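Notes for the structure review
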Amino acid sequence: MGWQKTFTLSRRSKGCHLITDEVRSQIKEGLEGVSVGMLFLFVKHTSCALTLNENWDHDVRKDMDMALDHVVPETLDWLHTDEGPDDSVSHTKASLIGPTISVPITNGTLNLGTWQGIYLTEFRHIAHSRQVVATIIS
């Protein structure tokens, strides 16, 4: 059996943002009655990504952003800058992290590890609203 919903996340600017609670509130209906299943999240954009990481220490989010800036610096001689200097660098980071995550569902709840959370990694400096497709398979 399947369930699907597309929803829009709150506007966020560049950084790694914990969105677990926002996702849970959007998929509550789809989790009902699922004893064993999978949640697939897909972000419909090319300059942000989804990932799982530690959800407790805020410094992890800053460290992730810093490391990604180091691996893919904005200072390279990017050719595709139609929407600003963070255009192509954002696309590159999004390709490295990816648009999709999967999370097991057990007894109607996301079966995340104790310290795991769902993150939107936003690579554009200006705040954007991002659409996410949530698909639950049981």
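Note that the structure is predicted; figures quoted are calculated from it, not measured. (Residues numbered from 1 in each chain as written. Predicted model: local features only at pLDDT ≥ 70, side-chain atom pairs only at ≥ 80, totals over all residues. Heavy atoms only, no water.)

A closer look at the pattern of salt bridges
Considering all chains together, one arrives at 10 salt bridges under this definition. Here Asp 59 makes a salt bridge to Lys 62, at a shortest N to O gap of 3.8 Å. Of the two residues, Asp 59 and Lys 62 are both situated in helix α2 (residues 58-71); the distance of three residues between them amounts to about one turn of the helix. On the basis of relative accessibility, which here comes to 40%, the residue Asp 59 falls in the partly exposed class. Given a relative accessible area of 57%, Lys 62 falls into the exposed group. For the salt bridge of Lys 93 with Asp 69, the shortest nitrogen-to-oxygen distance reads 2.4 Å. (Salt bridge = Lys/Arg side-chain N within 4 Å of Asp/Glu carboxyl O. Helix = DSSP H or I, 4+ residues; strand = E, 2+ residues; numbered from the N terminus. Buried < 20%, exposed > 50% of the residue type's maximum accessible area, 1.4 Å probe, protein only.)

Some thoughts on the pairing of strand β3 (residues 36-43)
Burial of β3 is one-sided: the residues Gly 37, Leu 39, Leu 41 and Val 43 facing one way are buried, the residues Val 36, Met 38, Phe 40 and Phe 42 facing the other way are not. Two strands pair when backbone bridges link them, and β3 and strand β8 (residues 131-137) are joined in this way by six bridges, in the antiparallel orientation. The residue bridging Phe 42 from the neighbouring strand is Val 133, located in β8. (Pairing = 2+ DSSP bridges.)

Details of the environment of Gln 26
With respect to the secondary-structure elements, Gln 26 resides in helix α1 (residues 20-31). By relative accessible area, Gln 26 is classed as partly exposed at 23%. For Gln 26 and Ala 134, which are 108 residues apart along the polypeptide, the C-alpha to C-alpha distance reads 8.7 Å. Excluding residues within four positions of it along the chain, Gln 26 makes contact with Trp 3, Lys 5 and Phe 7. (Contact = heavy atoms within 4.5 Å.)

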